[in-house]
Amino acid sequence: MIYLILAILFSTLIFVVMRLFSRFDIDNHQGLAWNYATATGIGYLMSALNGPITSPVGEAWFPLSLLTGFWFILTYVLMVVSSQRSGVTVTSLSSKLSVVIPTLFGVVFLKEALGLTTATGILLALTALFLVIGGKGKSQAKSEKTALNVLLPVFIFFSTGIGDVLMKITEKANTASDLTTMIAFIYGISFLFSLLLVGYDLLKKKSIWQWKNMAGGMILGGVNFFSTYFVYHAMRVYDNVVLFPIYNIGVVCLTALAGWLLFKEKLTWWNYLGLGIAIFAVVLIAFKP
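The model shown is predicted, which means the values in this text are computed figures rather than measured ones. (Residues numbered from 1 in each chain as written. Predicted model: local features only at pLDDT ≥ 70, side-chain atom pairs only at ≥ 80, totals over all residues. Heavy atoms only, no water.)

## A look at the overall build of the protein
So, step 1. What the protein contains, in helices and strands, is 11 helices and 0 strands.
So, step 2. Listing the helices and strands of the protein from first to last along the sequence gives α-α-α-α-α-α-α-α-α-α-α.
So, step 3. Taken against the 2.2 N^0.38 rule, which gives 19 Å for 289 residues, the C-alpha radius of gyration of the protein at 18 Å falls within 12% of a compact globule.
So, step 4. When the 289 residues of the protein are sorted by exposure, 55% land in the buried category. (Helix = DSSP H or I, 4+ residues; strand = E, 2+ residues; numbered from the N terminus. Rg over C-alpha atoms; globule rule 2.2 N^0.38 Å. Buried < 20%, exposed > 50% of the residue type's maximum accessible area, 1.4 Å probe, protein only.)

Put into structure tokens, the structure is as follows:
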């Protein structure tokens, strides 16, 4: 249970830190690069403390970890943009409603049980996503009514869900007791892709080097690593149909509270309705007769 609680806390902090990127005018791409460099460093340091670091090449999880690393950066780029343009709460809820994807994966491919309540919860989760995207908060700018800002939560919904599936597959492929080497390698791949973004920006003079980008990215990297670390370990304790709904409802509730307390995000009644339905939906998905 402690792994699940810590995963919820650190995952909530990710959205808060990304929201602060905008407040302190931190370059998204440089911040993400430092984030992945920091997460990679923490992972390999923890691996070294547990014993000699072995080469990932030849491991069963190696091929898919390359795709997972790319998917991590794709998802986080979308999250950073959406957090700043659509708000912390909408971004978090869109991300966490993707619970339906790993849940269905668990049912179809891992042969986990799907009852009537779980199926009802999945349908309600999709309804809640529509309400959250359709109802604009009072604090959101007029520019956020554009098609891109409406589609961003949809992109996050699918990218996060697919990312959860990739994490589950890599976890099942890793039979070692220590997961830190695999996590560090995945973040290392993400770091390499992030360098392409930073290099492009510097060549096109779209950004300049600033120390605050490094500081913000390193803070995000620490939070990011431990969020992933605790989620991976929780996967070894719970089935998909239990883990992801409980994990997601915790992050949704905490992030909504943080958005209200820290960033004064005002929601419409559509948003509140969507949030309420989302909470009810994940409770149904997690329910076991």
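Past the structure itself, the notes keep going.
## Describing the packing of aromatic side chains
So, step 1. Within the structure shown, the criterion is met by 17 aromatic pairs.
So, step 2. Their ring planes at 40° and their centres at 5.8 Å tell us that Phe10 and Phe226 sit as a pair that is tilted. Note that Phe10 is positioned in helix H1 (residues 2–23) and Phe226 in helix H9 (residues 211–235), a separation of 216 residues in sequence.
So, step 3. Exposure remark for Phe10: the relative accessible area of 22% places this residue in the partly exposed category.
So, step 4. Between Phe10 and Phe230, the aromatic rings sit 5.7 Å apart at their centres with planes inclined by 35°, giving tilted as the arrangement. Highlighted residues: Phe10 in helix H1 and Phe230 in helix H9, separated in sequence by 220 residues. (Phe/Tyr/Trp six-rings, centres within 6.5 Å; stacked < 30°, edge-to-face > 60°.)

## A look at empty space enclosed by the protein
Unoccupied space between atoms shows up once a probe the size of one water molecule is rolled over them.
So, step 1. The final tally for this structure, using the stated rule, is 2 cavities of 30 Å³ or more.
So, step 2. Taken as a whole, the largest cavity spans an internal volume of roughly 300 Å³.
So, step 3. Forming the walls of the largest cavity are 22 residues, and the residues nearest its centre are Tyr76, Lys96, Thr160, Asp164 and Met167.
So, step 4. At the level of secondary structure, the elements contributing two or more residues to the lining of the largest cavity comprise H1, helix H3 (62–85), helix H4 (88–96), helix H7 (147–173), H9 and helix H10 (240–263).
So, step 5. Per-class residue counts for the lining of the largest cavity are 11 nonpolar, 9 polar and 2 charged. (1 Å grid on protein atoms, 1.4 Å probe; cavity = no way out; pocket = protein on both sides within 12 Å on 5 of 7 lines; lining within 4 Å. Points joined across faces, edges and corners; volume = space filled by probe spheres on them. Nonpolar A, V, L, I, M, F, W, Y, C, P; charged D, E, K, R; others polar.)

## Digging into the layout of surface pockets
So, step 1. Computed from the structure, the largest pocket encloses a volume of approximately 240 Å³.
So, step 2. Forming the walls of the largest pocket are 18 residues, and the residues nearest its centre are Thr54, Glu59, Ala176, Asp178 and Thr181.
So, step 3. Elements with a minimum of two residues in the lining of the largest pocket: helix H2 (28–50) and helix H8 (180–203).
So, step 4. Classifying every residue of the lining of the largest pocket gives 8 nonpolar, 8 polar and 2 charged.

## Overview of helix H5 (residues 100–108)
So, step 1. Counting buried positions along H5 yields 7 of 9 residues, so the element is predominantly enclosed.
So, step 2. Among the residues of H5, those classed as buried are Val100, Ile101, Pro102, Thr103, Phe105, Gly106 and Val107.

## With respect to the side chain of Ser190
So, step 1. Note that Ser190 resides in helix H8.
So, step 2. If we skip the residues at most four places from it in the chain, Ser190 touches Tyr36, Gly69, Phe72 and Ile73. (Contact = heavy atoms within 4.5 Å.)

## Overview of H3
So, step 1. Over its 24 residues, H3 extends 35 Å from the first C-alpha to the last, a length consistent with the 34 Å expected when each residue adds 1.5 Å.
So, step 2. Once H3 finishes, Gly87 follows within two positions and takes phi at roughly 100°, a positive value. (Expected span 1.5 Å × (residues − 1).)

## A short note on the packing of H5 against H10
So, step 1. With their axes 8 Å apart at the nearest point, H5 and H10 run at an angle of 175° to one another. Relative to H10, the element H5 is oriented roughly antiparallel. Seen from H5, the contacting residues are Pro102, Thr103, Phe105, Gly106 and Val107; seen from H10, they are Asn240, Val241, Phe244 and Pro245.
So, step 2. Within the contact of H5 with H10, the residues separate by chemical class into 6 nonpolar, 3 polar and no charged. (Axes fitted to C-alpha atoms, helices over the stretch in contact; angles between N-to-C directions. Parallel < 35°, antiparallel > 145°, perpendicular 65-115°, else oblique.)

## Digging into the pattern of salt bridges
So, step 1. Under the criterion given, the structure shown has 2 salt bridges.
So, step 2. Its salt-bridge partner being Glu171, residue Lys168 comes within 3.5 Å of it at the nearest N-O pair. Placement of the pair is Lys168 and Glu171 together in helix H7, with a separation of 3 residues, close to one helical turn.
So, step 3. Judged by its relative accessible area of 6%, Lys168 falls in the buried class.
So, step 4. Judged by relative accessible area, Glu171 falls into the buried class, the value being 7%.
So, step 5. Two residues, Glu171 and Arg236, come together in a salt bridge whose shortest N-O distance is 3.2 Å. Of this pair, Glu171 sits in helix H7 while Arg236 sits in the loop between H9 and H10, placing them 65 residues apart in sequence. (Salt bridge = Lys/Arg side-chain N within 4 Å of Asp/Glu carboxyl O.)

## Regarding the side chain of Lys168
So, step 1. A distance of 3.3 Å separates a polar atom in the side chain of Lys168 from the backbone oxygen of Met235.
So, step 2. With near-sequence residues (within four places) excluded, Lys168 lies in contact with Phe105, Leu110, Met235, Tyr238 and Asn240. (Polar contact = N/O pair within 3.5 Å; in protein donor to acceptor, adjacent residues only side chain to side chain.)

## Some details on the nonpolar core
So, step 1. Ranked by internal contacts, the top residues of the largest apolar core, which has 68 residues, are Met18, Tyr76, Tyr187, Tyr232, Leu243 and Tyr247.
So, step 2. Among all residues touching Tyr232, those that are not within four sequence positions of it are Met167, Thr170, Glu171, Leu179, Met182, Ile183 and Ile186. (Core = buried A, V, L, I, M, F, W, Y, C linked by side-chain atoms within 4.5 Å.)

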